[in-house]
Amino acid sequence: MNYAMHRWVVALVLCLLPVLAPGADYSATPANYRALLKQLAPGDVLRLQPGTYRRGLPIHKLNGTSGQPIIITAADDARRPLFIGRPNHNSVSILNSSHVEISDLILDGRGLPVDAVKAEGHADWAHHITLENLRIVNHGHNQQIVGISTKCPAWNWVVRGNVIIGAGTGLYFGNSDGSDAFVAGLIERNLVLDTLGYNLQVKHQLKREDVPGMPRGDAQTIIRHNVFSKLRGGSEPPMARPNVLVGHWPLSGPGEHDRYLIYGNFFYQNPTEALFQGEGNIGLYNNLFVNDFGDAVHIQPHNDIPRRMDIFFNTVLSAGTGIRVLPPQGELVELMTPYTQRVTANAVFAPQPIEANEVRGNVTASLSVVGAYLRQPLMPPGELDLRPLQPLQAEFDTTRLRRYPAWNRDFDGVPRRGDEAGAYASAPAPAHWPPDLRRKPRADGGFP
């Protein structure tokens, strides 16, 4: 085909493609936003003017498309709309909706027993929902009150750059009985502080629901570049919870090979529990763990067993056990035999650094001497600097690690040489994002 003919064919194809008309752009106030909500169509933008919104935000049967989502946002991000809690209604209620983006709102629960954002339990599904730059406060009436929750089959959610302070539970995806699966989520750059229960829990999953459009092939849920802190306000035993817990995937059929990719997060303090607990298929890497009260990482059976597990390139400071992979006992021995839980190239400073069977190339020492290894390990967040004074070199094979995204970049996004243990490569440059509880991880540069 000559050049002229090629151009003619391309032009013809472009002419035949559907033309996506721009959506409507609405300006809303507390007086008229509910009426405008009902008429939103693919590509429409609803800009909420500054003010106090007292009637919630029902996202019911609103469906955009992949190319033309429905967008609901602040008209002025310097003066965000304030949604205040009202009895018996979740502030943002999502039901049978898709391709909807919600951003730049303040959700104040006023201490009422209502969730800030919830995909309702009576919904059939909610997919391709983006929640970004929300500020969620005063949702701590009790431990079952949640900042962002899904209670129906949900997939392809993006939960990004939100601040959740003092909720009963920060983020809770899936149902307590293992139904209503949460699939292929992206949870990134959130700041979740001082919850009664979990900062984040992704529930275990039973048989994957047969819902049209729900992913049935291998999928991954990504949890990256978040801050999870329980320095203050957590429940005492028996209600104490880890900062983050992720449950198992379906034991057979669609979803059984799904995996969690958990990297680049800052886990900080828990006076009554470990910082992280997990089972299922997990890559846990390039994270910072600091717990002056007790243990950091627990890999152990919860509703099923740990399966394929790689724990690598983490920096851990713990007053108890740094990384513990609970050995199988009784009938669990046979169940866990086909799976490997490998602990590789971590830098762990704790009285009991690592308790695991498959251990390769880690750097370990007592917490009492951590100052000889790291720059400012005993400072508060904002001044805390867990980068090494000298390269923490170790010998290990990276072949298994290469299956994970960003495996060869450290917590700050700096390329690795391949022989450094811990979350940081040895780099003289200033830290890209010093771990902090006052601001979210940066979105620009460094991170993939």
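What you see is a predicted model; the values in this text were computed from it and never measured.

What counts, and at which threshold
Residues numbered from 1 in each chain as written. Predicted model: local features only at pLDDT ≥ 70, side-chain atom pairs only at ≥ 80, totals over all residues. Heavy atoms only, no water. Pairing = 2+ DSSP bridges. Helix = DSSP H or I, 4+ residues; strand = E, 2+ residues; numbered from the N terminus. Buried < 20%, exposed > 50% of the residue type's maximum accessible area, 1.4 Å probe, protein only. Contact = heavy atoms within 4.5 Å. Polar contact = N/O pair within 3.5 Å; in protein donor to acceptor, adjacent residues only side chain to side chain. Salt bridge = Lys/Arg side-chain N within 4 Å of Asp/Glu carboxyl O. Axes fitted to C-alpha atoms, helices over the stretch in contact; angles between N-to-C directions. Phe/Tyr/Trp six-rings, centres within 6.5 Å; stacked < 30°, edge-to-face > 60°. Core = buried A, V, L, I, M, F, W, Y, C linked by side-chain atoms within 4.5 Å.

Attention now moves to the pairing of strand 2 (residues 45-48). Alignment of strand 1 (residues 25-28) against strand 2, held across four bridges, turns out to be parallel. Bridge pairing in strand 2 places Tyr26 opposite Leu46. Judged from the four bridges that link them, strand 2 and strand 5 (residues 70-74) form a sheet pairing that is parallel. Bridged to Leu46 within strand 5 is Ile72.

Time to look at the environment of Ser98. Position of Ser98 relative to the elements: it lies in strand 8 (residues 97-103). Take Ser98: its relative accessible area is 5%, and that puts it in the buried class. Ser98 sits 117 residues away from Pro215 along the chain, and the two C-alpha atoms are 14 Å apart. Apart from the residues within four sequence positions on either side, Ser98 is in contact with Leu62, Asn63, Gly64, Trp125, His127, His128 and Ile129. Polar contacts involving the side chain of Ser98 include one to the side chain of Asn63, which spans 2.7 Å.

Here we take up the sheet that holds strand 16 (residues 163-165). For sheets, the rule is that strands pair by backbone hydrogen bonds, running either parallel or antiparallel. The strand order across the open sheet built from 12 strands is 3-6-9-12-16-20-23-26-29-32-35-38, with neighbouring strands paired in parallel fashion. At either end of the open sheet lies a strand with only one pairing partner, and these are strand 3 (52-53) and strand 38 (363-365). With three bridges joining them, strand 9 (residues 106-108) and strand 12 (residues 135-137) adopt parallel strand pairing. By the bridge assignment, Ile106 is partnered in strand 12 with Arg135.

Okay, the environment of Ser97 next. Within the secondary structure layout, Ser97 lies in strand 8. In this structure Ser97 comes out as buried when scored by relative accessible area, which is 0%. Along the sequence, Ser97 and Ala167 sit 70 residues apart, while their C-alpha atoms lie 25 Å from each other. Other than its neighbours up to four places away in sequence, Ser97 contacts Ile59, His60, Lys61, Leu62, Asn63, Trp125, Ala126, His127 and Ile129.

For the rest of this paragraph, the subject is the pattern of salt bridges. This structure, assessed with the given rule, holds 18 salt bridges. Between Asp194 and Arg232 there is a salt bridge, with the nearest N and O atoms lying 3.4 Å from each other. Of this pair, Asp194 sits in the loop between strand 20 (191-193) and strand 21 (200-202) while Arg232 sits in the loop between strand 23 (227-229) and strand 24 (244-246), and the two are 38 residues apart along the sequence. Residue class for Asp194 comes out buried when judged on its relative accessible area of 16%. Across the pair Arg342 and Glu358 runs a salt bridge whose closest N-O atoms are separated by 3.8 Å. Placement of the pair is Arg342 in strand 34 (residues 341-344) and Glu358 in strand 37 (residues 358-360), with a sequence separation of 16 residues. Take Arg342: its relative accessible area is 18%, and that puts it in the buried class. By relative accessible area, Glu358 is classed as partly exposed at 29%. Each of Glu132, Arg160, Glu188 and Arg224 takes part in a single network of salt bridges with overlapping partners.

What follows deals with the sheet that holds strand 33 (residues 321-325). Ordered by their spatial adjacency, 11 strands build an open sheet running 4-7-10-13-17-21-24-27-30-33-36, and the pairing between neighbours is parallel. Sheet topology places strand 4 (57-60) and strand 36 (352-355) at the edges, where each strand pairs with a single neighbour. Geometrically, the sheet is characterised by an average inter-axis angle of 10° between neighbouring strands, direction not taken into account. Two elements, strand 13 (residues 146-150) and strand 17 (residues 169-173), share four bridges in a ladder whose sense is parallel. Looking at strand 17, one finds that Thr150 is bridged to Phe173.

The tally for this structure, following the rule as stated, stands at 18 aromatic pairs. Plain terms: the ring middles of Phe267 and Phe289 are 4.5 Å apart, the flat faces sit at 15° to each other, and that makes the pair stacked. One end of the pair, Phe267, is in strand 26 (residues 266-268); the other, Phe289, is in strand 29 (residues 288-291), and 22 residues separate them in sequence. For the pair formed by Phe267 and Phe289, the shared burial category is buried. Ring geometry for Phe313 and Phe396: centres 5.7 Å apart, planes at 70°, overall edge-to-face.

This paragraph deals with the side chain of Asn226. Among the secondary structure elements, Asn226 is positioned in the loop between strand 22 (220-224) and strand 23. Asn226 gets classed as buried once you look at its relative accessible area, which sits at 1%. At a separation of 3.0 Å, a polar atom in the side chain of Asn226 contacts the main-chain carbonyl oxygen of Arg224. Every residue in contact with Asn226, bar those within four places of it in the chain, is listed here: Ile187, Glu188, Arg189, Asn190, Gly264, Asn265 and Phe266.

Attention shifts here to the nonpolar core. Counting residues in hydrophobic clusters, the biggest one holds 68 residues, and the most contacted among them are Leu57, Ile59, Ile72, Ile148, Trp157 and Phe276. Judged by nonpolar contacts, the second largest core, of 39 residues, contains Val363, Leu392, Tyr404 and Trp433.

For the bond from Pro237 to Pro238, the omega torsion is 10°, close enough to zero to count as cis. Mapping Pro238 onto the fold places it in the loop between strand 23 and strand 24. Its identity is not glycine, yet Asp180 carries a phi of approximately 55°, on the positive side. Looking at the element boundaries, Asp180 is found in the loop between strand 17 and strand 18 (182-183). Residue Asn286 is not a glycine yet carries a positive backbone phi of 60°. When you line up the elements, Asn286 lands in the loop between strand 28 (280-285) and strand 29. Asn286 sits in the buried class, given a relative accessible area of 2%.

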